[in-house]
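Structural overview
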Amino acid sequence: MAKNHWHSAGNGKRAEAYKYGYKSGLELTVSEQIKSTEYPLNYETETLNYIVPERKAKYTPDFVFIKKNGSFMFIETKGRWTSADRLKMKHVLASNPGIDIRMVFQAPTQKISKGSPTTYESYANKLGINHVAKKSIPEEWMSECLKTGEKAVNVKSFFA
């Protein structure tokens, strides 16, 4: 019987990540980075609705920050960015105009498929997604957000 990749952690970083409730070693690494800062760790706390043609669906971003103006910044970490994940992100963006989703890639120069000249990074550019080519959230992004105990000014709600 084939193993479900979400539950067959194996050894190493992924097994450690599962132990703490994360789905990948990269999510665990980024969560550890956030924990070492003054920013609150909000892992998969929000769910966004989006429409796939002919059906409604939901997407839960990996990490959520509240920006200083009260709006949300969603961070998605990707080691593997499958065609299904790319299509989902395309629908999420189309269904939520103006949303601030940013991506942290483990391997941004990875090709989207064998033989394709398109990389994860170039596809993110095509979709207009702000992204980084490293395994952590840049301080510039985090500095846009509220630290633990800070209050937003000019509060705007994404879900209002």
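Residues numbered from 1 in each chain as written. Predicted model: local features only at pLDDT ≥ 70, side-chain atom pairs only at ≥ 80, totals over all residues. Heavy atoms only, no water.

It is worth spelling out the side chain of Lys67 at this point. Position of Lys67 relative to the elements: it lies in the loop between strand E3 (63-66) and strand E4 (72-78). On the basis of relative accessible area, Lys67 is assigned to the buried category, the value being 16%. Each residue touching Lys67, except ones within four places of it in the same chain, is listed here: Phe72, Met73, Asp100, Arg102, Glu144, Cys145, Leu146 and Ala152. (Helix = DSSP H or I, 4+ residues; strand = E, 2+ residues; numbered from the N terminus. Buried < 20%, exposed > 50% of the residue type's maximum accessible area, 1.4 Å probe, protein only. Contact = heavy atoms within 4.5 Å.)

Before going further, it helps to examine the pattern of salt bridges. Enumeration according to the criterion identifies 7 salt bridges in this entry. A salt bridge links Lys13 to Glu32, with the nearest nitrogen and oxygen atoms 3.7 Å apart. Remark: Glu32 occurs in helix H2 (residues 25-35) and Lys13 occurs in helix H1 (residues 13-19); sequence separation between them is 19 residues. On the basis of relative accessibility, which here comes to 35%, the residue Lys13 falls in the partly exposed class. Here Asp85 ties to Lys78 by a salt bridge, and the two come within 3.3 Å at their closest N and O atoms. Residue classification places Lys78 among the buried residues on the basis of a relative accessible area of 12%. What emerges from the salt-bridge pattern is a single network uniting Lys67, Asp100, Arg102 and Glu144. (Salt bridge = Lys/Arg side-chain N within 4 Å of Asp/Glu carboxyl O.)

Buried residues dominate E4, accounting for 7 of its 7 residues. Side chains of E4 alternate between two faces, with Phe72, Phe74, Glu76 and Lys78 and Met73, Ile75 and Thr77 buried alike. With 4 bridges joining them, E3 and E4 adopt antiparallel strand pairing. Counterpart to Phe65 in the pairing with E4 is Met73. (Pairing = 2+ DSSP bridges.)

This part covers the sheet that holds E3. Pairing is mixed in the open sheet, where 4 strands are placed in the order E3-E4-E5-E6. Of all strands in the sheet, those with a lone pairing partner are E3 and strand E6 (130-132), marking the two edges. Sheet twist, expressed as the average angle between the axes of neighbouring strands with direction ignored, equals 25°. Direction of pairing for strand E5 (residues 101-105) relative to E6: parallel, over a ladder of 3 bridges. In the sheet register, Met103 faces E6, and the bridge partner there is His131. Its contacts with the sheet place H2 against E3, E4 and E5, and it is angled at close to 25° to E3. (Axes fitted to C-alpha atoms, helices over the stretch in contact; angles between N-to-C directions.)

So, about the nonpolar core. With 21 residues, the main nonpolar core has Trp81, Met89, Ile101 and Ile129 as its most contacted residues. Elements with a contribution of two residues or more to this core: strand E1 (48-52), strand E2 (55-59), E4, helix H3 (83-95), E5 and helix H4 (120-127). The greatest single-element share of this core, amounting to 4 residues, is contributed by H4. In contact with Met89, not counting residues within four places along its chain, are Tyr59, Glu76, Trp81, Ile101, Leu127 and Ile129. Counting 18 residues, the second largest nonpolar core, distinct from the first, contains Tyr22, Leu28, Tyr43 and Ile75. (Core = buried A, V, L, I, M, F, W, Y, C linked by side-chain atoms within 4.5 Å.)

Its place among the elements puts Thr119 in the loop between E5 and H4. Not counting chain neighbours up to four residues away, the residues in contact with Thr119 comprise Pro108, Thr109, Gln110, Lys111 and Ile112.

Bringing the confidence of the model for the chain into the picture now. Averaged over the chain, the pLDDT score is 88; the fraction of residues at 70 or greater is 89%. When the criterion is pLDDT under 50, residues 1-6 qualifies, and its contacts beyond four places in sequence or with other chains add up to 5 contacts. (pLDDT = per-residue confidence, 0-100.)

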